[in-house]
Amino acid sequence: MGSTFGKNIKISVAGQSHSSAMGVIIDGIPAGTKIDLDALYGFLERRAPGKNRFSTQRKESDIPKILSGVVDGVCCGAPLLAIIENTNQRPSDYSQFADIPRPSHADYCATKKYFGNADISGGGHFSGRLTAPLCIAGGICKQILAAYGIEIFAHVSEIHGVKAVSPDYGKITAQDLSRILNREIPTADEEACKKMADEIDKARLEGDSVGGIIECAVLGMPVGVGDPIFERIECAVSSAVFAIPAVRGIEFGNGFGSAALYGSENNDPFYIGEDGRVHTETNNQGGMLGGISTGEPIVFRVAVKPTPSIAKQQKSVSLSENENKVLKIEGRHDPCIVPRAVPVVEAAAAIALLDLYLDRTKELYMKGEN
Ligand SMILES: Cc1cc2nc3c(=O)[nH]c(=O)nc-3n(C[C@H](O)[C@H](O)[C@H](O)COP(=O)(O)O)c2cc1C
C-alpha cells in the first residue's frame, strides 16, 4: 500500500472522507519530545474547511484525538496514534460517482483498481480531507524541526495567473509571517491578494474552479542534510508533496526557469558572510546542491490544479451502461483549494525534511560533532 512514508520517522495515513474517523500513526518520534497541542490545533485550523467564502461549508472541528504515544504532552517512545472523527458526512452527495466518475477526480481509477470495492463517498481515501491526518504528522514534525531552529513556511504565490511578489527570505520577520497568515488568502503580496480573491470569486460564480502555485521556504536548515541519488532533498520533498492530492508539479529554486538561463546567470556565487560562514549571493538552486542542503533557504514551488468537482455540467460515462453521460455535481467543493493546501505543503516538507535531518544528526554523532 502507498499510504506509508519515511525511514527514521514512519508515517501511515488511514481513513476515508466519510469513514467514522481518519487517522495517522507516527513511529520514530524521539522519546521526550514535547508536543505543543495548542500550536498543533492552530496549525490544523489553517487547513480546515469552512473558514472563508472560498471554502466548502463542510464544517468539521478537525480536533485530533491523540490515543497513544504521548503522556502528559510528552512523547513516550511508543508510536503515536491520532485520529480525527468525521462528524459531518453527506454520503448521498457522492452516490453516483462509482458509476459516473467525476472528470479529473480519482473515482474512475479507484473503482477499477479496487475491483468495484472502493469507498468513493467524498473521494474516499483519495479525498483532500486525508490531508488532515497528514497535517497532524507534519505539524508535529514542524515543531521538532523548530526546536532545532528550522522553520518552514509556505504562502500562495499565484492563483489562476495572478502572481504575488515573493518575500525576501533573508529579511522576513515574525510580524511579516503573521500578516501573511491573517490575509484572506495567505500571500505575501497584499495587492495580489485582492486580485486573487476576485479570480476565485469569478470562478465560484460561474460554477467553476481555479488552481495556483504555493511557494515554500525552509529557513535555518544547516549545510549537509540530504544524500545523493535517491535520497536527495528534491526526491524526499517531492515524494511527500505528491502525497497531497491535486498537486501537479514541483520546482526547486529557479526550477524550469533555469533552463532558459546562461550558467553565468544561474550559478550562485559563494562568499564568506559576516558570520564567517560560506553563503551564496543568489539562491537560484533553492538551497541545495547535489541533493544536499547548502545552508541557504530551501525554496520550492508547488503547482495545484483547479478543484476537479465543479458545479458546471461535464462529460462523463456510465461504467455500468458503458454509455456517455452528462454529469452535474452537487455538494460542497472549494472553488480553489490552494489556500487550504498551504499548511499541507508545510506539513509534507516537514515530514520529508525531519526524516533527512535525523540522518544528519546520526552522521554528526558518529563524527563526534553533535
Ligand atoms: C485540501 C484539499 C481539499 C480538496 N478538496 C476537494 C474538493 O472539495 N473537491 C474535489 O473535487 N477535489 C478536492 N481536492 C482534490 C482531490 O482530492 C484530488 O484532485 C483527487 O483526489 C484526485 O487526485 P489528483 O488530482 O492528485 O489526481 C482537494 C485537495 C486538497 C489538497
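Residues numbered from 1 in each chain as written. Predicted model: local features only at pLDDT ≥ 70, side-chain atom pairs only at ≥ 80, totals over all residues. Heavy atoms only, no water.

Undergrad: So what's going on with the overall build of the protein? Which residues, and what values?
TA: Within the protein one finds 8 helices and 18 strands. A compact globule built from 370 residues would reach a C-alpha radius of gyration of about 21 Å, and the protein, at 21 Å, matches this within 12%. Projected onto its principal axes, the C-alpha coordinates of the protein cover approximately 70 × 50 × 40 Å. Residue burial in the protein is summarised as follows: out of 370 residues, 50% are buried. Long-range pairs, those at least 24 residues apart, make up 70% of the contacts in the protein with a sequence separation of at least 6. Only carbon and sulfur atoms are counted for the fraction: they give 54% of the accessible area of the protein, which is about 17,800 Å². (Helix = DSSP H or I, 4+ residues; strand = E, 2+ residues; numbered from the N terminus. Rg over C-alpha atoms; globule rule 2.2 N^0.38 Å. Buried < 20%, exposed > 50% of the residue type's maximum accessible area, 1.4 Å probe, protein only. Contact = heavy atoms within 4.5 Å. Areas by Shrake-Rupley, 256 points an atom, 1.4 Å probe, with all protein chains shown as cover.)

Undergrad: I'd like to hear about the sheet that holds strand β7 (residues 80-85), residue by residue, with values.
TA: Judged by pairing direction, the sheet is antiparallel, and its 5 strands sit side by side in the order β1-β2-β3-β7-β4 without closing on themselves. Edge positions in the open sheet fall to β1 (4-5) and β4 (65-68), since each of these has one partner strand only. Across 6 bridges, strand β2 (residues 10-15) lies against strand β3 (residues 21-27) in antiparallel orientation. Counted as the bridge partner of Lys 10 is Asp 27 from β3. Those strands touched by helix α3 (residues 131-147) are β2, β3 and β7, and its axis lies near 30° from that of β3. (Pairing = 2+ DSSP bridges. Axes fitted to C-alpha atoms, helices over the stretch in contact; angles between N-to-C directions.)

Undergrad: Describe the site of the ligand, naming the residues involved and giving the relevant values.
TA: Looking at the ligand, there are 17 residues lining it, with Phe 126, Arg 248, Lys 305, Ser 309 and His 333 nearest. Within the contact set of the ligand, an oxygen atom lies 2.8 Å away from a backbone nitrogen or oxygen of Phe 126. In isolation the ligand exposes 630 Å². Once the protein is present, 88% of that is buried. In terms of residue class, the shell around the ligand is made up of 7 nonpolar, 7 polar and 3 charged. (Near = heavy atom within 4 Å. Polar contact = N/O pair within 3.5 Å; in protein donor to acceptor, adjacent residues only side chain to side chain. Nonpolar A, V, L, I, M, F, W, Y, C, P; charged D, E, K, R; others polar.)

Undergrad: Lay out helix α1 (residues 37-47) in plain terms, naming residues and giving numbers.
TA: Of all the residues in α1, the buried ones are Leu 40, Phe 43, Leu 44 and Arg 47. Burial along α1 is one-sided: seen end-on, the buried residues are contained in an arc of 95°. Buried residues along α1 sit against α3 and α8 (338-366). Regarding α1, its N-cap is Asp 36, as a side-chain oxygen of that residue lies 3.2 Å from the backbone nitrogen of Asp 38 further along. (Arc of directions from axis to C-beta.)

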